[in-house]
Every structure is written in C-alpha cells, then in structure tokens.
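Close look at the chain arrangement
Single-letter residue listing:
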Amino acid sequence: MSAAQRDPSVTGRPEAPLLRGQEGYSDNVTGRKRQARRWELLFIVSTLVGIVALGSLLYNVLDSAYGLVAIDVKVDPASLARGGVALEALPASELATLLREKLKKRDLKTIEKEQPLAARSTEDLLGIVQTKVVGVDVVGTWVLSGSLLRRRAIEAELARTHPNATLTFKSWLRPAFLSSQQSPDPMRSGVRSAILGSLWTILVTIVVALPLGVAAAVYLEEYAAKDRRLTQVIQTNINNLAGVPSIIYGMLGLTIFVRLLEPLTSGAWLTGATSATANGRTILSAGLTLALLVLPLQIINSQEAIRAVPGSLRQASYGLGATRWQTIWAHVLPSALPGVLTGTILSVSRAIGETAPLVVVGASTAIFQDPSGPFSKFTVLPIQIYQWTSRPQAEFRSIAAAAILVLLAMLLSLNAAAVFLRNRTQVRH
Amino acid sequence: MSQTTPAIALSPAGRAVASTAVAGIADEMAIVADNVDIYYGQFQAIRQVSLPVQRYQITSLIGPSGCGKSTFLRSLNRMNDLIPSARTEGSVIYRGVDIYGPAVDPVQVRRRIGMVFQKPNPFPKSIYDNVAWGARINGYSGNLDELVESCLRQAALWDEVKDKLRDSGLGLSGGQQQRLCIARALAVKPDVILMDEPCSALDPIATLRIEELMQELKAHYTIVIVTHNMQQAARASDHTAFFMVSDDRAGYLVESGPTGDVFTNPKDRRTEDYITGRFG
Amino acid sequence: MVEPQRMKPLVDRGALSTVTDVDFAARLRPQRRPWEAVIESGLFVAALVSVLTTAGIIYVLGYEALRFFLLPQVTLTEFVTGTVWQPSIDQFGVMPLVSATLLTSMIGMLVALPLGLFIAVYLSEYAAPRTRGVLKPILEVLAGVPTVVYGFFALTFVTPILQNIFGRNVVEIYNTASAGLVVGILVTPLVASMSEDALHAVPDSLRQAALSLGATRHEMALRVVVPAALSGLAAAFIVAISRAVGETMVVAIAAGAGPALTLNPFKGAETMAGHIVRISGGDLSYDSVDYKSLFAIGLLLFLITLGLNLLSQRIVARYREVYE
C-alpha cells in the first residue's frame with residue numbers, strides 16, 4: 001500500500017465512525033484542538049519573547065556604540081599644520097612642542113603631572129592637542145539607528161544650531177579605545193587600564209579559586225564519608241553559598257581583605273609603607289573577594305567532573321597497589337581535568353562580569369595608569385561600564401556601550417573556549 | 001486497496017502475503033494491520049506485517065527480544081508518532097478507517113485504542129484522580145464517582161482501594177499499580193486495549209491476577225498483549241502471532257492463528273523451534 | 001542463619017607454613033604514609049574554606065550590624081517600623097528600601113515566572129531536538145550576560161520605551177518598573193533552565209500514559225507533566241525570587257538613587273542592594289553611621305535570601321523522595 005492510497009478519497013473509506021463521539025463523553029475534539037493550538041502558540045511566543053529580549057539587548061548596545069557625532073572646534077586644525085604636514089600626521093615630538101607653545105603654564109603642569117609629555121604616546125598627545133588647543137567640543141551624538149534613518153533631519157538641525165560644527169560618523173569601539181587610558185573626555189577615554197585591571201583581578205581569582213576549589217572537590221568526592229554529618233554540613237553550606245547575593249561577598253571582602261588584612265593586601269609588607277599610607281583597596285583584595293565568590297561554583301563544577309571519572313579507573317589503579325593519593329593524582333585528576341577547566345572557565349566568566357562586590361570592595365573611580373601588579377589600585381571593565389552608564393551625557397552612554405562590546409567579546413571568547421574543551425572531551429570518551 | 005490478509009500464508013522468504021478479501025470478515029475484526037513497515041530513521045524495525053485482530057478476543061504477540069513486537073503494538077494506536085524519527089508505512093484499519101490516513105487525528109485513535117505499559121506508570125495523583133483523569137479530559141458528562149468505582153471494580157481493584165481513593169496511586173504495590181493503570185485505561189471506554197508486557201515487572205501472583213482480569217475484560221474489550229512469556233501466551237490468549245528478527249534486525253511476522261494451533265501444530269519450523277525452546 | 005559447613009582446606013596448613021616467608025608477613029603490615037595524611041588534611045582544609053566563608057559572612061554582617069544597633073540614635077523597633085531612611089538626620093527605617101526591593105522583585109517575577117515556565121514547557125514538551133539545540137545556547141548566553149549590561153539595557157532601552165508609552169511626566173528617568181522588568185528578563189533564563197530540569201525529571205512513561213488516554217499535547221503538559229514537576233518548579237521559582245531580591249546592578253543603575261517609600265512603579269526608589277552599592281561606592285569612613293548601617297541592611301538581605309534558598313532546598317529534597 002503506497003502513501004497515495006492512504007488518501008480517503010482514493011480508497012473511499014468512510015471517516016465518520018472514528019470521529020463519532022462515544023456515549024457519555026463529549027470529546028469536543030474541535031474545541032480541545034483549538035485550545036491546544038492556543039497554548040502551543042503561547043509557549044512559542046514566550047520563547048520568542050526571550051529571543052527578542054536578547055536581540056534587543058544586543059541591538060541596544062550596538063545602537064549606542066556607533067553613530068553620528070557633531071563636533072565644533074575653536075581653532076581650525078588646518079592652521080596647526082607644520083611644514084606641510086597635517087596635524088593628524090605629526091610625530092610625537094612635534095605635538096609635544098606644539099603643546100608647550102600653545103598651552104598655559106598651569107594647564108601644562110597638570111598634564112605633565114599626570115604623565116610627562118615625553119612619555120606619552122602620539123595618539124595620546126594628539127588627543128590632548130585636539131581638546132586643549134583645537135578645542136574639540138562634542139555638541140551632539142546620535143545612536144546608530146537615528147543616524148542612519150534621520151540623517152537629513154540631523155544635518156538640518158545642526159546647521160541651525162551649530163553652523164560651524166562638522167558631522168562625522170563615529171565608531172566608539174575603535175583600536176584607540178582599547179589602547180588609551182581613561183580620561184574625563186569621552187572622545188579620548190579608553191578602557192586600557194580597565195582591561196588590564198580585569199585581567200589582573202581574574203588572574204588572582206584563578207590562582208586562588210582553582211586549586212582551592214579542586215582540592216575541596218577532591219576531598220568531598222574522594223575522601224569524605226558521604227554520610228558523615230560534617231560532610232553534609234560542608235556540602236549544604238556550599239550549595240547555600242552559591243545562592244548568596246554577590247554584594248554580600250563585597251561586604252565580606254571589604255571587611256576582611258581591605259580592612260583587616262590591609263597590611264597584607266596593600267603590599268605594605270613588601271614596600272615598607274607605613275599603615276597611614278597603606279590602602280587595602282587593591283587588585284589583590286578584589287581578586288580574593290571574587291575568588292570567594294566563585295569558589296562554590298568552582299567546587300560544584302569540579303565535583304561533577306570528578307564524579308564523571310569512571311570507578312573502574314580507580315579500581316584498576318588500586319588493583320596495581322597504588323595508594324589513594326597516587327590514584328587521584330595519576331588517574332582521577334588527569335581524567336577530570338577537561339571538566340575542571342570547563343568549570344573554571346564558567347567561574348571566570350562569572351567573575352569577569354561581576355560589578356557590585358567590586359564597587360563595595362572599592363574600585364577606584366579614576367585611574368590613569370596601568371595596574372602594575374596585585375598591589376595596584378584598580379578598576380575593571382564592568383565598573384567602568386557602571387560609572388559611564390551613570391553619567392547623564394550621551395557621549396558617556398556611547399563609550400559605556402563600546403566597553404560593553406569589549407566585555408561581551410571577552411566573555412564570548414571564554415565561552416567559545418569552554419565549548420571547545422567540552423567538545424574535545426566528548427570526542428575522547 | 002481494500003483487501004488484506006485475515007489468514008496468513010507464508011512465502012518462502014517469510015513474508016506475509018495477502019490472500020483473502022477483508023470485507024467479509026471485517027465485522028469480526030477490531031483492527032487489521034496491512035503490510036505495515038516501521039522505520040526508525042534509516043533502520044527498518046518492522047517489515048511487511050499483516051495481522052488481523054479479532055474482536056473480543058485476546059491476541060498475544062510473541063517472539064525473541066528485539067523482534068519489534070512492542071514497536072508493532074505501538075503502531076496500532078500511533079504511539080510511535082511520539083518518536084520523531086519513527087515512520088510507519090502500510091495501513092492499520094480500525095472500524096474501516098486507516099488510522100494512518102491523512103484526516104485522522106492520533107488523539108482520537110488513542111482515545112479509542114488504549115494502552116497499558118510494561119512498567120506500571122500511575123500519575124503522581126490520587127487513586128481517584130488517576131482513574132478520573134482520562135474521563136475528565138475527554139469531557140465525561142456522567143457521574144464521575146460511579147465511573148471510577150465501576151472501572152476499579154472491572155480492574156478488580158475496588159475492594160483493595162475503596163477506603164483510600166484519595167491516597168496517592170504511587171503508594172500501591174506494583175501489581176495494584178498495574179491494575180490501577182488498567183482501570184485508568186478503562187475509564188475512557190476504549191474499544192481495544194493494547195498491553196505491552198504488562199506483567200514483566202510483577203511477581204507471579206500479581207501476574208496471575210492480571211491474567212484473570214484479562215479474561216473478564218475480553219467480554220467487553222479487544223485485547224492485544226505483547227509478552228515474552230510463552231506460558232502466558234498459551235494460557236491467556238485466544239490468538240497468537242509469532243514474530244522474528246531477520247539478519248538486518250528488522251522484525252517480521254512468521255505466523256499467526258488460534259493459540260492452540262500455533263502452539264501444538266505450528267506451520268513453520270521457526271515457530272516450532274522457538275516454542276520448544278530451541279532458541280530465543 | 002546456619003553456620004556454613006567448614007570446607008576442607010585446599011592446602012594443608014602445615015605445608016603452607018613451610019613455604020611462608022617470615023619477612024613477607026611483616027611487609028603486609030599496615031605502613032605509615034605520612035604524605036597521604038598530610039595531603040588529606042590539606043584537602044580537608046580547602047573544603048573548610050567554604051564553611052569559613054559562611055562563618056565570615058555571618059560574623060562580619062552580624063558584628064557590624066550589632067555595632068549599628070548599639071548606637072544611641074538607632075533602635076531595632078525604628079529599623080523595622082520606620083518609614084524614612086535618612087542617616088544624615090538619624091532616620092533609620094528600613095521600610096522604604098524593603099518596599100522598593102519587593103516592588104522590583106515582584107515586577108520581575110511577574111515577567112520571569114510565566115515566561116520562564118512557558119519557555120521550559122516549550123523546550124521540554126514541544127521543541128524538536130534540533131530547535132532545543134538552538135534555543136538552549138541562546139538561554140545560556142542570556143544567563144551569562146553580566147548584570148551591569150542589563151542595567152545599561154534598562155536605563156537606555158526599557159525606560160525610554162516606558163516613557164514613550166506612558167508619557168514622560170508619568171514615568172521618571174529612574175523608576176522601579178523598568179528595573180523590575182529587566183530583573184525579570186535577567187532571571188528568566190534561570191527559571192527556564194531550572195524548570196526545564198524539573199520537567200525533564202518527570203518520567204516519560206507518564207507522558208505516554210496521558211497520550212494513550214487520548215490527551216492532546218497541551219493536556220499532557222499542563223495536566224500531567226507540570227503537576228508532577230510541581231515541587232521542582234516551586235524550588236526554581238523560589239531560587240529566582242532570591243536572585244531577584246539580591247540583584248544589584250540593574251536596580252543600582254535604573255531604579256533610582258534615593259530611598260523612597262512608594263508603590264508607584266514609575267517613580268524612583270532605592271532597593272537594599274542598590275543602596276549598599278551606591279553608599280559604599282562613595283568615600284566612606286569606616287566609623288561612620290552610614291558605613292555601619294550598610295551592614296544592617298546587608299544582614300537583612302542575607303537572611304532573606306538564605307531563608308529562600310533553604311526553603312527551595314527543602315522542597316527539592318522532598319521532591320526527590322517522590323521519585324526515588
């Protein structure tokens with residue numbers, strides 16, 4: 001019997017008997033089917049709403065990170081060209097000379113105090129020339145969608161309010177944004193110190209949380225008697241810690257690492273600074289706080305990885321006369337390693353986006369230098385985003401959006417690494 | 001094609017061949033499977049099975065494990081539709097309608113061809129709600145209490161649970177749970193009840209009770225039962241169909257007929273070998 | 001129990017003793033392995049760090065909160081019943097902070113619970129494996145986006161939309177509605193994935209039983225699977241509430257920067273977590289009343305979330321008993 005013959009019009013079979021209701025039962029298939037379709041629609045729409053939410057989140061960030069900028073200038077930059085070379089193409093030394101000529105003594109002093117002119121990059125110097133000498137002033141910014149759809153209207157509006165202003169399309173996320181220091185001027189500000197701060201902090205977090213988490217997981221899975229009261233207390237405690245709001249960890253970090261252990265976390269014991277100048281609000285304190293924050297997650301993930309190691313492997317090792325630690329070190333941990341590392345990446349992606357606890361621990365609001373080690377003052381990307389978002393000016397929204405893109409890119413590469421690791425282990429087993 | 005095979009003749013290849021017109025005996029048949037093929041993706045699980053199921057009789061499907069008898073049973077009320085890769089070809093005629101036809105709703109099919117599963121699977125609800133559930137969703141308008149009682153009585157469970165109808169169905173013993181599942185199936189007043197190894201998870205005493213119950217139920221229902229227990233098939237069924245698995249792991253029907261004939265006077269060597277325990 | 005019958009030894013004991021090496025018996029004695037013991041204690045200490053963390057949290061919050069309550073200008077009664085939070089004029093009523101927290105959490109839950117549950121039902125009962133394979137990672141991405149980004153989203157996307165719908169003079173720039181909605185979006189992936197786990201734990205045999213009785217898919221999902229997973233779903237919901245109550249960055253950015261006792265979701269109000277993060281973000285002297293008061297709020301926040309998490313774990317524990 002072929003599929004075509006199923007067609008009742010071909011076979012001539014009656015459909016009626018099957019559809020006739022049974023005595024005492026309304027069946028009401030039509031109504032129920034309609035209801036079924038409505039519910040299914042509701043489920044699908046809900047799922048779509050979730051997707052749309054993610055879509056609008058990304059759209060909103062991209063929308064803010066690119067767009068038109070209207071710039072007014074006090075001095076025509078063409079007049080600053082030297083020996084036929086345009087301002088933008090001048091070398092660092094020329095720019096420095098230019099600044100010394102044009103700037104007031106006092107302004108020059110402030111800038112030199114921040115960082116000497118001779119030590120600054122060309123990019124940086126050009127930025128200073130543009131704000132201080134050329135007098136670049138942002139008179140308006142527009143989001144991407146507005147810039148594309150209403151360009152005419154924007155131009156007309158601008159011609160009326162700022163006839164001398166030039167309208168340019170700006171990508172706020174640009175190489176200079178990654179390589180420049182933070183600055184009060186949004187046009188020049190960058191996330192260099194924030195990225196380095198994030199990396200340093202994460203490094204401290206990994207160095208502490210990874211061994212501690214794995215060790216705790218090994219103890220709980222391989223040594224502790226599951227029915228012992230203490231083991232159960234530890235296990236319940238870990239599950240509870242995973243649900244504590246992150247800001248509470250910030251308060252713990254503030255009290256323990258920043259205040260109580262200040263001599264240690266400020267690095268005073270290394271540099272010999274007195275307690276008066278010591279400041280515990282360092283990368284080390286931040287990293288340790290985040291380490292405590294991700295520790296429960298790290299332990300739970302490591303436990304799962306260790307649990308997934310087949311018992312036969314342990315038995316084989318014991319069968320050869322290995323001790324318990326030899327078995328763990330030589331067989332269990334190597335087999336669990338990919339899983340442990342995947343778990344670590346998840347912990348790191350949690351830590352890298354954390355903001356609230358680091359605000360409490362005391363991230364610095366203004367940092368103009370690269371962090372040089374665990375005892376430096378710090379800021380991290382999420383903090384930078386938070387501060388910029390909180391400013392009322394639209395330009396700061398735009399650089400916040402650009403910083404978000406940098407943060408998401410970091411997270412995305414971490415997750416890609418986790419997926420890669422996961423797939424590799426799945427192939428092996 | 002309106003012809004199918006009430007009596008199965010076997011070709012040398014072991015394939016069932018249609019021979020007789022269906023029209024004459026259609027009234028005695030609850031379900032007629034006609035050249036059914038079932039695939040899971042590329043893999044063929046059932047090849048060319050044609051089997052008539054007699055009304056108000058118990059038909060048992062036997063055969064070695066992996067021969068597809070459960071798969072075939074599930075094709076009789078379109079439970080295989082739930083497996084995304086599963087595909088059924090051929091036709092299953094129920095009351096003159098091919099249930100795999102284009103205008104047929106599987107919900108309607110299952111509502112009339114009920115099922116009892118290998119492991120007892122009561123809902124995590126009270127005993128009462130377990131029985132009443134199917135009647136409720138199908139818009140039963142009569143007295144629900146009476147329906148629940150009569151179904152539990154038919155399933156020979158009433159006396160054991162009448163004082164604890166509000167207790168969870170999960171609190172019952174395995175055999176009681178399976179009888180609860182039978183009562184649950186009865187409550188939507190099906191024509192046919194498919195039973196997929198209903199006793200495999202039960203002890204011998206509970207098994208015997210279910211077998212007795214089947215004998216009582218056959219006055220009102222047609223029963224098709226898959227069993228791996230040949231004594232059970234011989235003891236409890238009126239008709240027997242013997243399935244086997246071919247070299248490419250597809251299941252096929254070797255022979256079928258009245259249980260007495262199949263067990264005492266099998267037409268096929270393979271049936272004889274199987275029932276005398278030479279393999280499987 | 002009957003004593004097993006003694007077997008005749010295969011080898012005569014006398015003969016065995018002649019081949020036994022005396023040194024060998026000594027070697028079989030338990031050996032001391034100091035390293036093994038050291039390692040085990042080291043690992044145990046690592047496991048204890050988590051307990052110490054909890055102890056630290058309780059000590060730090062408890063100690064500083066106690067110092068706060070021992071201040072002459074503070075009373076516990078006023079803390080609980082007072083309706084104004086203004087440390088500068090010695091007003092310490094936590095009510096405005098709590099009410100704002102409840103408001104944002106409730107708005108968030110109104111979004112997250114139905115949305116998360118419906119997504120879970122779709123993924124678990126409807127979606128084909130391939131669709132699931134696409135949707136699950138999307139949920140994971142949503143769950144992995146840092147909360148500060150959600151805060152940016154609330155302030156620069158949701159608030160303008162609310163203002164366009166309800167009017168600029170009705171909806172303030174900082175408002176609990178926008179923050180609450182985004183908190184809802186933020187916890188939706190959590191609700192969805194925990195609920196899906198709960199639905200997934202319902203045995204397939206129940207689905208088949210429902211369908212074999214002639215149920216449609218939605219009848220099966222809503223009247224068998226969801227009720228069977230109810231305790232798991234409840235646990236998921238409670239964890240989600242706890243997460244919403246403790247959520248900080250979204251409310252810190254979008255809900256407003258000043259405690260206010262209002263139930264109007266279009267006005268600004270500061271939540272407990274939002275207040276902590278704003279005050280501690282400024283320069284704060286460790287001996288000030290403000291500083292100590294933060295720990296009292298922190299303690300309250302900790303107790304609320306801990307209570308919710310413990311409740312959820314109890315429900316899960318009971319729910320495991322049903323199926324195993």
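All values derive from a computational prediction rather than experimental measurement.

A count of helices and strands for chain C gives 14 helices and 2 strands. By the compact-globule yardstick of 20 Å for 324 residues, chain C is too spread out, its C-alpha radius of gyration being 29 Å. Expressed along its principal axes, the backbone C-alpha trace of chain C runs to roughly 105 × 65 × 35 Å. Relative to its full complement of 324 residues, chain C shows a buried share of 52%. Long-range pairs, those at least 24 residues apart, make up 71% of the contacts in chain C with a sequence separation of at least 6.

Contacts between the two partners involve 71 residues from chain C and, on the opposite side, 74 residues from chain A. The largest share of the area that chain C buries against chain A comes from L43, F152 and Y286 of chain C, three residues that together contribute 10% of it. Seen at the junction of chain C and chain A, the total is 2 salt bridges. The partner of R259 of chain A in a salt bridge is E64 of chain C, and the shortest N-O contact between them spans 3.5 Å. Taken together, the links from chain C to chain A amount to 10 residue pairs in polar contact (both at pLDDT 80 or more). Per element, the largest residue contribution to the side of chain C that touches chain A is 18 residues, and it comes from helix 3 (residues 34-69) of chain C. Considered class by class, the residues forming the side of chain C that touches chain A number 48 nonpolar, 18 polar and 5 charged.

Here the focus is the interface of chain B and chain C. Contacts between the two partners involve 24 residues from chain B and, on the opposite side, 19 residues from chain C. Taken together, chain B and chain C are joined by 0 salt bridges. Broken down by secondary-structure element, the contributors of at least two residues to the side of chain B that touches chain C are helix 2 (106-112), strand 8 (113-116), helix 3 (127-137) and helix 6 (174-186) of chain B. In terms of residue count, the dominant contributor to the side of chain B that touches chain C is helix 3 of chain B (4 residues). Looking at the side of chain B that touches chain C residue by residue, the class counts come to 14 nonpolar, 4 polar and 6 charged.

For chain A, the assigned domains are domain 1 (67-170) and domain 2 (192-428). Taking the mean C-alpha position of each, domain 1 of chain A and domain 2 of chain A sit 41 Å from one another.

This part is about the packing of helix 5 (residues 95-126) of chain C against helix 8 (residues 176-200) of chain C. All names here are of chain C. Running from N to C, helix 5 and helix 8 point in directions that differ by 35 degrees, and their axes come no closer than 6 Å. Helix-helix and strand crossings are classified by hand; for helix 5 and helix 8 the assignment is right-handed. Of the residues contributing to the contact of helix 5 with helix 8, the split by class is 21 nonpolar, 10 polar and 2 charged.

Looking now at unusual backbone geometry. Residues and elements named next belong to chain B. Here the phi dihedral of N35 falls at roughly 50 degrees; this positive angle occurs in a residue that is not glycine. If you trace the backbone, N35 turns up in strand 3 (residues 29-40). For Y56, which is not a glycine, the phi torsion comes out positive at approximately 55 degrees. Along the chain, Y56 turns up in the loop between strand 4 (43-54) and strand 5 (58-62). Take Y56: its relative accessible area is 43%, and that puts it in the partly exposed class.

What follows is about the side chain of T222 of chain B. Residue and element names in this part refer to chain B. Secondary-structure assignment places T222 in strand 10 (residues 222-226). For T222, the side chain forms a polar contact with the main-chain nitrogen of Y56, separated by 3.1 Å. Residues within four places of T222 in sequence aside, it is in contact with A30, V53, Q54, R55, Y56, Q57, D191, V192 and I193.

With that settled, consider the sheet that holds strand 2 (residues 137-141) of chain A. Residues and elements named next belong to chain A. Strand order in the open sheet made by the 3 strands is 2-1-3, with antiparallel pairing throughout. Edge positions in the sheet fall to strand 2 and strand 3 (166-171), since each of these pairs with one other strand and no more. Sheet twist, expressed as the average angle between the axes of neighbouring strands with direction ignored, equals 40 degrees. By the bridge criterion, 6 bridges tie strand 1 (residues 66-72) to strand 3 in an arrangement that is antiparallel. Residue pairing across strands places A70 opposite L167, the latter belonging to strand 3. Relative to strand 1, helix 3 (residues 29-65) is tilted by about 25 degrees, and along the sheet it contacts strand 1 and strand 3.

Of all 10 residues making up helix 19 (residues 381-390) of chain A, 9 are buried, and the element is well covered by its neighbours. Every buried residue of helix 19 of chain A is accounted for by L381, P382, I383, Q384, I385, Y386, Q387, W388 and T389 of chain A.

Here we come to the environment of E196 of chain C. Residue and element names in this part refer to chain C. Tracing the sequence through the fold places E196 in helix 8. Distance from E196 to L113, taken between C-alpha atoms, is 13 Å for residues 83 residues apart in sequence. Excluding anything up to four places from it in sequence, E196 contacts A120, L123, S124, R132 and K136.

The next subject is the pairing of strand 10 of chain B. All names here are of chain B. Across the 5 residues that make up strand 10, a large majority, 5, are buried. In terms of strand pairing, strand 9 (residues 192-196) meets strand 10 through 5 bridges, oriented parallel. By the bridge assignment for strand 10, I193 is matched with I223. The parallel pair strand 9 and strand 10 is bridged by helix 7 (residues 204-217), and the resulting crossover is right-handed.

Conventions we followed
- Residues numbered from 1 in each chain as written.
- Chains lettered and ligands numbered in written order.
- Predicted model: local features only at pLDDT ≥ 70, side-chain atom pairs only at ≥ 80, totals over all residues.
- Heavy atoms only, no water.
- Helix = DSSP H or I, 4+ residues; strand = E, 2+ residues; numbered from the N terminus.
- Rg over C-alpha atoms; globule rule 2.2 N^0.38 Å.
- Buried < 20%, exposed > 50% of the residue type's maximum accessible area, 1.4 Å probe, protein only.
- Contact = heavy atoms within 4.5 Å.
- Buried area = accessible area lost by both parts, 1.4 Å probe.
- Salt bridge = Lys/Arg side-chain N within 4 Å of Asp/Glu carboxyl O.
- Polar contact = N/O pair within 3.5 Å; in protein donor to acceptor, adjacent residues only side chain to side chain.
- Nonpolar A, V, L, I, M, F, W, Y, C, P; charged D, E, K, R; others polar.
- Domains from an automatic or database assignment.
- Axes fitted to C-alpha atoms, helices over the stretch in contact; angles between N-to-C directions.
- Left-handed = near helix turned anticlockwise from the far one by under 90°.
- Pairing = 2+ DSSP bridges.
- Right-handed = clockwise from strand over helix to strand, strands pointing away.

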